[in-house]
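# Chains, contacts and geometry: an overview
Here is what each chain is made of, one letter per residue.
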Amino acid sequence: MPVSAAATDAAVCAPLPVLGRDVLVPLVTGGEVEYAALDIAASAPALQRVWDDVAAYAPYYGSVHRGAGYLSQLSTDLFENSRAEVARFLGAREGDQVVFTRSTTDSLNLLAAVLPADTRVFVFETEHHASLLPWEQRADVQVTYLDAPRTPGQAVDTLERALAEREPYANALVCVTGASNVTGELWPVRELAAAAHAHGARIVLDAAQLAPHHPVDIAELDVDWVAFSGHKLYAPFGAGVLAGRADWLQKAEPYLAGGGASRTVARRSDGGVDVEWHTTAARHEAGSPNVIGAYAIAAACKALTEAGFENLVARERHLVERVRAGLAEVPEVTVLSLFGDDAPRVGVLSFVVRGWNSSHFAAALSAEYGIGVRDGLFCAHPLVRTLLGAQTQAPGECGAPEGAPGEKSLNAIRVSFGAGTPDEHVDRFVRAVKELVADGARWSYRTEDGRCVPDTAA
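In what follows, the accompanying structure is described. All values derive from a computational prediction rather than experimental measurement.

## Observations regarding helix α2 (residues 48–57)
- Looking only at α2, the buried set comprises Val50, Val54 and Tyr57. Projected down its long axis, α2 shows its buried positions confined to an angular sector of 60°, all on one face.

Printed below as a string of structure tokens:
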């Protein structure tokens, strides 16, 4: 996406207001510092605009699709208008459905549940576990795992070959991320969609890391479904979205059976019940819906759209370049990448530091500098191990790395930022990395429950 110099100047100076921007945290070395939230790839802080919108609605909260009272009717309208707002944000096509879920993980498990029997699924080993694992839950679905590509073009070629070798099939689905949660690198979604469709397959886009940073347009990308989470889109309250083609969703049994998903229920003469299920998105939204979560997502979609993705992309590019330039000055730091240093990426970078256990390094960033990052395998074990050259049987848990300070670890450190990140936070991070590598930690650390923590007895 081309970005003008004027847009860059404006965007660089204008991080969006987020909650927690002024929170002070204690340092083990004494005093307090403004918290630098650089783990937004896990969960982004709430936009102030989202929080204000939800707070304004909260006194009017009521049951959705259930009541005749004013607050119930108002909440129902709010819920369905939120669905329409999300559809606009995603460039949904006529006939597409927007289903509210709990998260990206829930969205992809929903799609896995509605796949026709004997569907073949193609997924790269580089995916987050949310898009790598759901398909295995179906005994009547065959999964083909594709090796990690080293260029975008190789990704397309790998998929083309895999699809061609396994034709013919009745139904096939390709699952791919839009931006890696480990490297931040952008994937060639449009080209992968074209390859899938050329072989009669459908494609679902895991946009959990893409949607907060770049515009996602279902029609333009020509994908069949998009999944993402509100908590990564600056919208807390535990909601997610699966949006796209309606046919498989309409034909499958409801994801959950219960009120809201059923249109009519009647007793039969033999003592059983007959159920007519909805064919709309409600078919897979049984139970009282998370109206506040849905409204928060819609509010975030509207806020990001109004802020202008051109400005958001330009600002993020500025921050990425700032961090990469700083890390490049530290020979002991290796930034992980599939597609090479020049590959375009969102505000997510993972790295290792020679001579440091990653958990130790992350603990020191937090305890001594007030910087929150992530360390571990980032719920993408096969990808991180491939990037680190580790053996497939190497130990490691999602967010709970083992290893004492000074020990070699098979984990990495991830720094991530976005629309609400000020320059000072990334500058402090770069300075902290340089100081830790040059001078070492100023505090003693120990391993507790698999994590490196400050030794309070020191």
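Text resumes after the structure shown.
## Quick notes on the sheet that holds strand β13 (residues 333–335)
- Here we have four strands laid out as an open sheet, ordered β13-β14-β17-β16, and antiparallel in their pairing. Either end of the sheet is taken by a strand with one partner, and the two such strands are β13 and β16 (374–376). On average, each strand axis in the sheet is inclined to that of its neighbour by 30°, with strand direction left out of account.
- Bridging between β13 and strand β14 (residues 348–353) involves three bridges; their strand directions are antiparallel.

## Notes on the packing of helix α11 (residues 309–328) against helix α14 (residues 423–439)
- Relative to each other, α11 and α14 sit at 15°, their axes nearing to 9 Å. Classified by the angle between their axes, α11 and α14 sit roughly parallel to one another. As α11 packs across α14, the resulting crossing turns out to be right-handed. Each of Arg315, His318, Leu319, Arg322, Val323, Gly326 and Leu327 in α11 lies in contact with α14, whose residues at this interface are Asp423, Val426, Asp427, Phe429, Val430, Val433 and Lys434.
- Looking at side-chain class alone, the contact of α11 with α14 contains seven nonpolar, two polar and five charged residues.

## Focus on the side chain of Gln97
- Examined against the element boundaries, Gln97 turns out to sit in strand β4 (residues 97–101).
- Residue Gln97 is classed as buried on the basis of its relative accessible area of 9%.
- Polar contacts involving the side chain of Gln97 include one to the main-chain carbonyl oxygen of Thr279, which spans 2.9 Å.
- Ignoring anything within four residues of it in the chain, the contact list for Gln97 reads Leu242, Ala243, Gly244, Ala246, Leu249, Gln250, Thr279, Thr280 and Ala281.

## What about the packing of aromatic side chains?
- Inspection of every chain in the model, using the stated rule, returns 12 aromatic pairs.
- Between Tyr57 and Tyr295 the ring centres are 5.8 Å apart and the planes differ by 70°, which places this aromatic pair in the edge-to-face class. Here Tyr57 is found in helix α2, whereas its partner Tyr295 is found in helix α10 (residues 291–307), with 238 residues between them in sequence. Of the two residues, Tyr57 and Tyr295, both sit in the buried class.
- Between Phe89 and Phe309, the ring centres sit 6.1 Å apart and the planes meet at 45°, which makes this aromatic pair tilted. With Phe89 in helix α3 (residues 70–89) and Phe309 in helix α11, this residue pair connects regions lying 220 residues apart in the sequence. For the pair formed by Phe89 and Phe309, the shared burial category is buried.
- What links up through ring pairs into an aromatic cluster is the set Phe351, Trp356, Phe361 and Phe429.
- Across the ring face of Tyr369, the terminal group of Arg442 is positioned such that the distance to the ring centre comes to 5.1 Å.

## Digging into the nonpolar core
- Of all hydrophobic cores here, the largest spans 82 residues; its most connected members are Leu90 and Phe228.
- Residues in contact with Phe228, not counting those within four places in the same chain, are Val86, Leu90, Ser103, Thr104, Ser107, Ala207, Ala208, Ala211, Leu233, Gly240, Val241 and Ile297.
- Membership of the second largest hydrophobic core comes to 33 residues, among which are Leu319, Leu327, Tyr369 and Ile413.

## What about a nonpolar patch on the surface?
- A surface patch of nonpolar side chains, about 340 Å² in accessible area, is lined by Tyr60, Tyr70 and Leu71.
- Inspection of the secondary structure puts Leu71 in helix α3.
- Taking relative accessible area as the criterion, Leu71 reaches 33% and is therefore assigned partly exposed.

Conventions adopted
- Residues numbered from 1 in each chain as written.
- Predicted model: local features only at pLDDT ≥ 70, side-chain atom pairs only at ≥ 80, totals over all residues.
- Heavy atoms only, no water.
- Buried < 20%, exposed > 50% of the residue type's maximum accessible area, 1.4 Å probe, protein only.
- Helix = DSSP H or I, 4+ residues; strand = E, 2+ residues; numbered from the N terminus.
- Arc of directions from axis to C-beta.
- Pairing = 2+ DSSP bridges.
- Axes fitted to C-alpha atoms, helices over the stretch in contact; angles between N-to-C directions.
- Parallel < 35°, antiparallel > 145°, perpendicular 65-115°, else oblique.
- Left-handed = near helix turned anticlockwise from the far one by under 90°.
- Contact = heavy atoms within 4.5 Å.
- Nonpolar A, V, L, I, M, F, W, Y, C, P; charged D, E, K, R; others polar.
- Polar contact = N/O pair within 3.5 Å; in protein donor to acceptor, adjacent residues only side chain to side chain.
- Phe/Tyr/Trp six-rings, centres within 6.5 Å; stacked < 30°, edge-to-face > 60°.
- Lys NZ or Arg CZ within 6 Å of the ring centre and 35° of its normal.
- Core = buried A, V, L, I, M, F, W, Y, C linked by side-chain atoms within 4.5 Å.
- Patch = residues over 30% accessible without salt bridge, like charges linked within 9 Å, V, L, I, M, F, W, Y side chains within 5 Å.
- Areas by Shrake-Rupley, 256 points an atom, 1.4 Å probe, with all protein chains shown as cover.
- Salt bridge = Lys/Arg side-chain N within 4 Å of Asp/Glu carboxyl O.

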